[in-house]
Amino acid sequence: MPEATVAAQPGVREGAALLSVDDVSIQFGGLKALDGVSFDVRQGEILSLIGPNGAGKTTCFNVMTGVYQPTSGEVRFAGQPLGRRKRFAITRLGIARTFQNIRLFGNMTALENVLVGADAHHRTNILDALVRSPRHRREEREGEETAREVMEFLGLEKRADELARNLSYGDQRRLEIARAMATRPKLLCLDEPAAGFNPAEKEQLMELIRRIRDRGLTVLLIEHDMSLVMGVSDRVAVLEFGRKIAEGLPAEVRNDPAVIAAYLGTDADDEGES
Ligand SMILES: Nc1ncnc2c1ncn2[C@@H]1O[C@H](COP(=O)(O)OP(=O)(O)OP(=O)(O)O)[C@@H](O)[C@H]1O
Ligand SMILES: [Mg+2]
């Protein structure tokens with residue numbers, strides 16, 4: 001069992017698996033985007049998923065969040081197989097993500113965008129909403145409290161009433177994180193959150209990721225920027241052509257010949273989006 005081997009390594013941060021990707025493959029036509037990939041995200045850790053462009057990182061997020069069904073293998077969250085659960089059901093279980101390309105509602109305010117995330121747990125139906133039942137009003141109030149608290153955590157409270165499209169690029173990226181956090185996830189998956197950031201912004205993002213973990217969240221990070229990955233991760237898993245080629249502590253992975261070879265001919269600091 002690969003899990004047992006990793007857990008037995010000395011110095012590895014201990015923690016039960018919150019999410020297990022177990023022998024997952026997914027095929028698009030003739031292309032195996034993921035080919036027998038297994039790894040665990042342990043409770044409370046920051047795990048980075050790295051690899052060259054087209055390695056299958058985003059596809060991995062898509063399989064974990066119900067966008068795609070794996071061709072074979074399974075993903076378990078807190079021990080439960082995700083099965084054929086739909087996206088909203090997976091959000092309710094406690095997995096949230098951001099997207100490689102920003103996906104905000106530009107004509108809604110920043111707060112309204114975050115409220116979309118907070119709504120994920122609402123139990124009321126359209127009838128409750130129409131008659132404004134007490135339960136509906138309570139959920140609305142709680143949703144707004146969550147949204148405002150998360151925006152403050154991300155330093156966006158002053159932007160609450162601005163249209164999302166008028167925010168700076170960095171604030172839009174943070175707003176995406178706020179919307180994901182407003183779903184009150186256990187696992188937060190960030191797909192290239194530093195893309196387009198300058199060194200100072202990357203430094204701030206690293207600090208933010210640590211603060212997110214300190215709130216009790218587990219973080220799975222896809223990132224191309226090696227200094228960020230090496231600086232913030234507890235562990236790193238590496239994909240190449242849909243296969244996992246390495247997993248371990250940042251220093252181990254950085255010196256792994258297979259990883260060095262995978263990055264040869266590619267720019268390891270390339271932050272471009274494909
Ligand atoms: N819906 C799809 N249909 C067909 N091919 C797809 C689909 N989604 C992903 N792929 C292919 O699967 C492979 C892995 O793509 P993926 O987006 O997961 O890579 P990535 O590791 O996130 O790369 P990048 O660093 O460039 O974002 C690529 O060859 C991509 O073209
Ligand atoms: Mg990607």
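Predicted, not measured: the structure shown is a model, and the values here were computed from it. Per chain, residues are indexed from 1 in the order of the written sequence. For this description, chains carry letters from A and ligands carry numbers from 1, given in the order in which they are written. Residues qualify for local features only when their pLDDT is at least 70, as the model is predicted, and side-chain atom pairs are given and counted only at 80 or more; totals for whole chains, interfaces and linings, by contrast, use all residues.

S.K.: I'm lost on the overall build of the protein in this one. Help?
M.R.: Here a strand is any run of E in DSSP of at least two residues, a helix any run of H or I of at least four, and the numbering for each starts at the N terminus. A tally of regular secondary structure across the protein gives eleven helices and ten strands. When we talk radius of gyration, it's over C-alpha atoms, and the globule rule is simply 2.2 Å times the number of residues to the 0.38. Against the globule reference of 19 Å for 274 residues, the protein gives a C-alpha radius of gyration of 19 Å, in line with a compact fold. Exposure criterion: with C-beta atoms placed from backbone coordinates, a residue whose C-beta has 20 or more other C-beta atoms within 10 Å is buried, one with 12 or fewer is exposed, and one in between is partly exposed. Here the protein holds 274 residues, and 38% of them are scored as buried. Whether two residues are in contact depends on their C-beta atoms, placed from the backbone: they are in contact if these lie within 7 Å. Contacts spanning at least 24 positions in sequence make up 70% of the contacts within the protein whose residues lie at least 6 apart.

S.K.: Where do I start with the site of ligand 1 in this structure?
M.R.: Throughout this description, a residue near a molecule or strand is one whose C-beta atom, derived from the backbone, lies within 6 Å of it. Around ligand 1, 13 residues are found, and the nearest of them are F28, A33, K57, T58 and T59. Only β2 (31-42) and α2 (57-64) provide two or more residues apiece to the shell around ligand 1. Throughout, the ten residues Ala, Val, Leu, Ile, Met, Phe, Trp, Tyr, Cys and Pro are labelled nonpolar, Asp, Glu, Lys and Arg are labelled charged, and all others, Gly among them, are labelled polar. Class assignment of the residues belonging to the shell around ligand 1 gives a composition of four nonpolar, eight polar and one charged.

S.K.: Would you explain the packing of helix α4 (residues 110-118) against helix α7 (residues 169-181) in this entry?
M.R.: How two helices pack is summed up by the angle between their axes together with the distance between the axes. Where α4 contacts α7, the two axes come as close as 6 Å, and the packing angle between them is 35°. The two elements α4 and α7 meet at a crossing, and its hand is right-handed. When α4 is examined against α7, the residues A110, N113, V114, V116 and G117 are found in contact with a partner set consisting of L175, A178, R179 and A180. Taken together, the residues that form the contact of α4 with α7 break down as six nonpolar, two polar and one charged. Convention adopted: a line fitted to C-alpha atoms gives each axis, helices being fitted over their contacting stretch, and angles between N-to-C directions are expressed from 0 to 180 degrees. Left-handed describes a crossing in which the near helix is turned anticlockwise from the far one by less than a right angle; the clockwise case is right-handed.

S.K.: I keep staring at the environment of F28 and nothing clicks. Help me out?
M.R.: Checked against the element boundaries, F28 lands in strand β1 (residues 17-28). The exposure class assigned to F28 is exposed, which follows from the 11 C-beta atoms found within 10 Å.

S.K.: How should I be thinking about the sheet that holds strand β8 (residues 218-222) in this particular structure?
M.R.: Through backbone hydrogen bonds, the strands of a sheet pair up, either in parallel or in antiparallel fashion. With mixed pairing, six strands are arranged side by side in an open sheet as β6-β7-β8-β3-β9-β10. Each edge of the sheet is formed by a strand with only one pairing partner; in this case those strands are β6 (95-97) and β10 (243-248). The average angle at which neighbouring strand axes cross in this sheet is 20°, direction not considered. Any two strands with at least two DSSP bridges between them are considered paired. Both strand β7 (residues 187-191) and β8 contribute to a ladder of five bridges, which runs parallel. Each bridged residue has a counterpart across the sheet, and for L190 the counterpart in β8 is L221. Along the sheet, helix α8 (residues 199-214) makes contact with β3 (46-50), β7 and β8, crossing β8 at roughly 150°.

S.K.: How should I be thinking about the domain arrangement of the protein in this particular structure?
M.R.: Bring the parts together and some accessible area is lost; that lost area is often taken as the interface size. All domain edges in this entry derive from an automatic or database-based domain assignment. Splitting the protein by domain gives domain 1 (1-94 + 185-274) and domain 2 (105-184). Each partner contributes to the interface: domain 1 provides ten residues, whereas domain 2 provides ten residues. Those elements that place two or more of their residues in the side of domain 1 that touches domain 2 are α3 (87-93) and β7. With three residues, the single largest contributor to the side of domain 1 that touches domain 2 is α3. In the side of domain 1 that touches domain 2, the residues fall into six nonpolar, two polar and two charged.

S.K.: Teacher, can you tell me more about the nonpolar core here?
M.R.: As a rule of thumb, nonpolar side chains are buried together in soluble globular proteins. We define a nonpolar core as a collection of buried residues of the types Ala, Val, Leu, Ile, Met, Phe, Trp, Tyr and Cys that are connected via C-beta atoms lying within 7 Å of each other. In terms of nonpolar packing, the biggest core is built from 66 residues, with V114, A178, L188, C189 and V238 touching the most fellow members. Each of domain 1 (1-94 + 185-274) and domain 2 (105-184) contributes no fewer than three residues to this core. Sequence-distant contacts of A178, that is, excluding residues within four places in its chain, are made with V114, V150, M151, L154 and L156.

S.K.: Got a minute to help me understand the environment of N166 in this structure?
M.R.: Its location among the elements puts N166 in the loop between α6 (134-153) and α7. With 12 C-beta atoms counted inside 10 Å, the residue N166 sits in the exposed group. Placed 98 residues apart in sequence, N166 and L264 show a C-alpha to C-alpha distance of 39 Å.

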